[in-house]
Each structure stands twice: as C-alpha cells, then as structure tokens.
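An overview of the molecular structure
Chain by chain, the residues:
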Amino acid sequence: MGFSDVIKSCDRLFLDFIPKSTCILFSRLQNNVRVPRYPASNLKVAAMALISLTFIPACSSDNKQKPISNSKLELNTPFDKESLPQNVADHTKTAVDPWLVDVTQQSGIDFTYKIHIETAGPLIAAVGSGIAIFDADGDSDLDIYLAQASDTLPKGTPSKAGMNRFFEQVAPMKFIDSTEGSGLADEGFTMGVASGDYNNDGLPDIYVCNNGQDHLYKNLGGGQFTNVTIEAGIDIQGTSVSAGWLDYDLDGDLDLYVTQYVEYDITTQCTDAAGRKEFCGPKAFPPSKDVLLKNTGDGKFIDVSTESGINKIAAASLGIVFLDQNADGLMDIYVANDAYANNLYVNQGDGKFVDLAPILGAALNMNGQKEAGMGVIAADFDNDSFLDLFVTHLVMESNTFYKNLGPNIGFNDTTGQSGLATSSMPFTGFGVSAMDLELDGDLDLFIANGKVTRGDSIFKCNTPPPLTEYSEPNHIYLNDGSGKFKIDNNPLCEFSKDVRTSRSIVHADLDRDGDLDLIVSNVQEPTQIFRNDAPRSGQWLVVDLLGIKGGPVTEGATVMAQDGEELMTRTFTTCKGYASAFPAEVHFGAVNPGNNIEVVWPGGIRENFNIEKWNQRVQLTYGEGETK
C-alpha cells in the first residue's frame, strides 16, 4: 500500500468519524508506509490501541425494546418444551447480561480445525474451515458437518487425523459424533462445504471443497451418505474454497458453482519484512478460474464454465452468494475475490453470464481500489426490498457495504455512512452472518476475524503457535433498522471477548426456540457454539419452502413478510458467508408482525400465503398460495 492509497482509505474512513491523522498514523505503522511529519518511534501498539479499543465488540445494547416473556411464545417444533435442558436460552435476561453464551462444552461438539504446521507459510493453511448446518437425517432438527484440514502439510499422505466430522443433534443443543459409518469422513484438505438437494429426492446432499479433488456425497437417508463424485461426472482439481447450489437455467434441478482460489504450489515460500516465514498472499500464485457445473437431471453434471462465460476471468475467488439483482426471475452470481476486482455475473437467460460488477459499482470500493474479498452476504439491511452486499476484507481495507440502489441501477459503497468502516479497519474479516439477533425486525451483522499476517496486537490470546500472533476478537454490529450500524459494547460478551483466529460463522436455530444461534470455526482452536440469550423485542417466524415435481426449486426464492409498515425481504438459500452452508430455511423477527407471506419463486412466479400466527415454523408449498 503506497501513501496515496493510505490517503484514499483515510478519506473513506473520515466519513465514519475517525480523525484522518489517526488513520494515517495507524496506516504507516501497520504497513511501513513513509508518511511525512510522523516520527519513527515505538508508537505502533499505541496506534492500534487507539483505534481498536474504541471498537471492541460485545453482545448487547441498552437502546432496544424490552423483551417479551417466554410465556407468550409458543413452540411448534419436534422438541418437547418441558424436556428442554437447563442450557436452553433464558430470554428474561437484561441488556447488561451476555446475549450470546458459549455452550460448546455441554453441546458435545469437540472439534478443532488443525492445519498441521509448526511455522507460518502455506497459503492454504490460512484459508480454511467451513461449516454446514443442515437436517441430514430428516428428523427436523439441525445437524453439523465440519471441514477439517488433512495432515498432507507437510507429509503429503493423509490420515484419519484429517477427516471431516459429522455431528448429529439428538436433543436441543446436544450432539453426538456420527462420523464413523456416515460416509462423510472425507480425508482431503477441506476448506469449504455446500449443502443442497441436487437429485430432488427431498434429502440435502453435501459437496466438499478441497485442495485437490472435490467430492460430492449423496444423502441416502437416516444420516447415511455415499461418495458419488465419479459417477456424477465431477472432476474438479485445484484449490476450491466455496461452492453453492442454484438453478441458473430454470430447468427444475440444482446446478453447482465452485470458486477456485489460486494455482497453489506447496514449494512456494514467503517471508515477511523481517525475513520470517509468513503466509503467502494470493498474488504469490497465478489466479484460478471458477467452475460452473450444469445438472443434467440424471444424477450427472457437465462443465459449462466456458460456454456460460464465467471462466473468462481468472481471480483468486473465495466467497460467493446468489441474488436476482435485476428482478428478472433469474439467479445472478456475486463472487468476492482476494486482491482482484469482484464479479457480478448477471444471468442472460440463455445459459450465459456477463460480468457487470464494474458497471453496477460492485467490483471495487468507493476509491476504485481492489480489495481482499473473503466472505460475502446479500441481504436487505435497510428494508427497502433490495438486497445489499457486504464483503469482509483484509486489515487496513475495512469491510465494504454496497447499498443496492435498485434493479439495473447498481450499488453504492456506503461503508462509512453505514458506520462499518472505522471499526473494521484494524482487523481481517473472513466469515460473516446477517441475522436478527433480538427479533426487532432488522438484520444485524456478525464478523469472524483472524489475521493472515503478523502484527503487534493489544489482545491477549491462548491460540497455540504458529497462530498466536494472528488472533483477533470477533465483531457484532447492531442495525438501527435503517441500515446504519453500531458496534456492540457489552464487555461480558462471550462471542467477542475470546481472541482467536476465526474463519467461518453460520447462524441457525439449533435449539428450535425461535431465535438464531451461532457456530464459529477457528483455526488451531475448538469450534464454538453460542446460544442466543438476547432479550426479545418481538416475535419470530421460520419459513420452510417445499417445491413440487415439475415446479421450480426452492433455492433462490425470495420470501417477504411485514413488520408494521416495514417489508422484510429474505432469500431462501444455503449459500452465503464464507465457505459454508446455512440451513435451508428463512427466519424473521418482527415487533408488529403481519399475517401475509409473499414468495417469489425462481422464474418470477409470485404467491401469497396467509398465516394465522407467528412464533411457529411454517411450511409453504409451491402452488398452494394465491398467485398474483
């Protein structure tokens, strides 16, 4: 980063009310940029503290509405309310209590993503650890599949020490390790996971993104899977990080998009300015081209990357999300690239895509700079019915908020005005989740942070070497309902008081009590589960969509619900965040909930459904609503 780049970044942060002089000082110290008038001294830690201490996140706020008593909420789930264990959420807590409570130890989840290295260096060791949350066995509760890095670094031959792990939920927040005999014990160097029903049998299947050969696992039912990669015609080699299912051609089955990172070479070594081994950046390797696989409807896939136009561009792709940007009923593809311009592949309806990110304002930040895109979310943060984009980035770039101005109009980088620039500047964000923490009708942001380069830190951690110098606290941003955010500031927060090297984050209503809990993957430290104990400002609704034979798929549908005069818009998709799969369901919170739910199915067909009450789970079936 040159001095002119520093000035541009600080101009951007000035919108977020940080003094430009402080920003430039921090930039110089962090990046060894020569800046006039600031003496070379031992102020590096002080500068980091000046910025970071102001914005250490937590888990609650004192400006939200009072909670609704649990006695007013009815549970409509497969679990018996009276049998809920003591670790189920207590929503009578006040705003000064922790809103997210670490229940990992009592959950039965005992898993650590291990990268099997003694010193920093291999790029892929700094990338991984995806999560999939899905109902694997058809019992209506949610199970967890966790990516593991094989011990091929540095030995080259994998062993069972590096296999992925599958945990089945047997009671609210209680899991057992069911990996053995499940068929899901993938022993590749796994970084990402995708979940979707590719063969329309009603069972979610699993796609595993590896450094090496990717794998597709067909769900046989009852928590049993089988590897069908070869018979499905899939042969993706390379460094896959994220994948997602979508029906891009509206033929009624799910196709697959896979992000490819770089042409990784384990013999390439990188060092920092002091000559110490350091994790390589993406520019140390040639960038890769992404892959689009078309589902032929008979259990097989064909590679249509060339004819679709998505492999015209080689970039170090990481995160991916799908949205209908121009409201034409066709799914478009947004890709977050590391150190390259981002892509927005707009579906042309004839099997081809055109990258319109530069034209629509979603390729670069407001200063025209490429950034290190990691995780990405497409969500309506200001309840204007348009899906905004939020991308996590490297230290000194800030995360970026692209406000959607409307179909075919494009996006505007409003990171500073949204209150999201300053506090993210000293951190490296990877995973991201957008969910309504306290059921007040808007989406809050949750960021998993963890550095990829060394740097002095004011944060104490217990992360084992070689990542001791790479750990950071995670962030929570509370939405005021208009797309403006404030970082949370409760020092009791268990979500952000631990300092770790985090990667993926996924939300899910694990205990089926109506609010969303969080799962966070960390490198070299245990994966964590945080139960949502936030005081409730409103009511909740979980929507499941069911397709029919010959009808559209559910993946990519838009679901809308009313909260007073506000229209809340959600996308029914498992593909979002970073290298992970979210549950196939849509969650709403509302203070003044309405009874009408509108669904826009892939292809553009609209249906209205009337529900009698909230505080329940509902299933909406294609063809059973009132069409417009």
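Moving on, we get to the confidence of the model for the protein. Of the residues in the protein, 82% reach a pLDDT of 70 or more, and the chain-wide mean stands at 86. Here residues 17-22 scores under 50 on pLDDT; set against residues more than four positions off or in separate chains, the count is 9 contacts. Every residue in residues 24-88 is under pLDDT 50, and counting partners more than four places away or in other chains gives 158 contacts.

Quick look at the pairing of strand S20 (residues 376-379) now. Here S20 shows two buried faces, one formed by Val-376 and Ala-378 and the other by Ile-377 and Ala-379. Looking at chain direction, S20 and strand S21 (residues 388-391) are connected through 4 bridges and run antiparallel. Paired with Ile-377 across the two strands is Phe-390, which belongs to S21.

A few words on the state of the cysteines. This model, assessed by the stated rule, comprises 1 disulfide. The disulfide partner of Cys-270 is Cys-280, and the S-S distance across this bridge is 2.1 Å. Looking down the S-S bond of the Cys-270 and Cys-280 bridge, the torsion is 105°, so its handedness is right-handed. With a gap of 10 residues between them, Cys-270 in strand S12 (residues 270-271) and Cys-280 in the loop between strand S13 (277-278) and strand S14 (291-295) connect regions that are remote in the sequence.

Counting 51 residues, the largest nonpolar core has Ile-133, Ile-144, Leu-510 and Ile-529 as the members making the most contacts within it. Both domain 1 (102-532) and domain 2 (539-627) contribute no fewer than three residues apiece to this core. Core analysis: the next-biggest nonpolar cluster, separate from the first, contains 20 residues, Ala-557, Val-559, Ala-561 and Val-618 among them.

The next subject is the packing of aromatic side chains. This structure, assessed with the given rule, holds 18 aromatic pairs. Taken together, a centroid distance of 6.2 Å and an interplanar angle of 85° make the contact between Phe-446 and Phe-495 edge-to-face. With Phe-446 in strand S25 (residues 444-449) and Phe-495 in helix H8 (residues 494-497), this pair connects stretches of sequence that are 49 residues apart. Classification of Phe-446 by relative accessible area gives buried; the value is 0%. Each residue in the set Phe-134, Phe-166 and Phe-225 is aromatic and connected to the rest through ring pairs, giving one cluster.

Let us now look at the environment of Gly-375. Relative to the helices and strands, Gly-375 is located in the loop between helix H7 (357-360) and S20. The buried category is assigned to Gly-375, whose relative accessible area is 0%. Separated by 24 residues in the primary sequence, Gly-375 and Asn-399 have C-alpha atoms spaced 9.7 Å apart. What Gly-375 contacts, discounting residues up to four positions off in sequence, is Phe-390, Val-391, Thr-392, Phe-430, Val-432, Gly-577 and Tyr-578.

Next up on the list: the sheet that holds strand S37 (residues 593-600). With respect to topology, 5 strands assemble into an open sheet ordered S35-S34-S37-S38-S40, the strand pairing being antiparallel. Each edge of the open sheet is held by one strand with a lone partner, namely strand S35 (566-572) and strand S40 (626-627). Bridge analysis of strand S38 (residues 606-610) against S40 gives 2 bridges, and the strand direction is antiparallel. Paired with Asn-608 across the two strands is Glu-626, which belongs to S40.

Our focus in this paragraph is the sheet that holds strand S31 (residues 517-522). Strand order in the open sheet formed by 4 strands is S1-S32-S31-S30, and the pairing between neighbours is antiparallel. Every interior strand has two partners, whereas the edge strands, strand S1 (100-102) and strand S30 (502-508), have only one. Strand-to-strand twist across the sheet, computed as the mean angle between neighbouring axes with direction ignored, equals 25°. Pairing geometry for S1 and strand S32 (residues 528-532), over 3 bridges, is antiparallel. By the bridge assignment, Val-101 is partnered in S32 with Arg-531.

Thresholds, definitions, all that
Residues numbered from 1 in each chain as written. Predicted model: local features only at pLDDT ≥ 70, side-chain atom pairs only at ≥ 80, totals over all residues. Heavy atoms only, no water. pLDDT = per-residue confidence, 0-100. Contact = heavy atoms within 4.5 Å. Buried < 20%, exposed > 50% of the residue type's maximum accessible area, 1.4 Å probe, protein only. Helix = DSSP H or I, 4+ residues; strand = E, 2+ residues; numbered from the N terminus. Pairing = 2+ DSSP bridges. Disulfide = S-S within 2.5 Å. Core = buried A, V, L, I, M, F, W, Y, C linked by side-chain atoms within 4.5 Å. Domains from an automatic or database assignment. Phe/Tyr/Trp six-rings, centres within 6.5 Å; stacked < 30°, edge-to-face > 60°. Axes fitted to C-alpha atoms, helices over the stretch in contact; angles between N-to-C directions.

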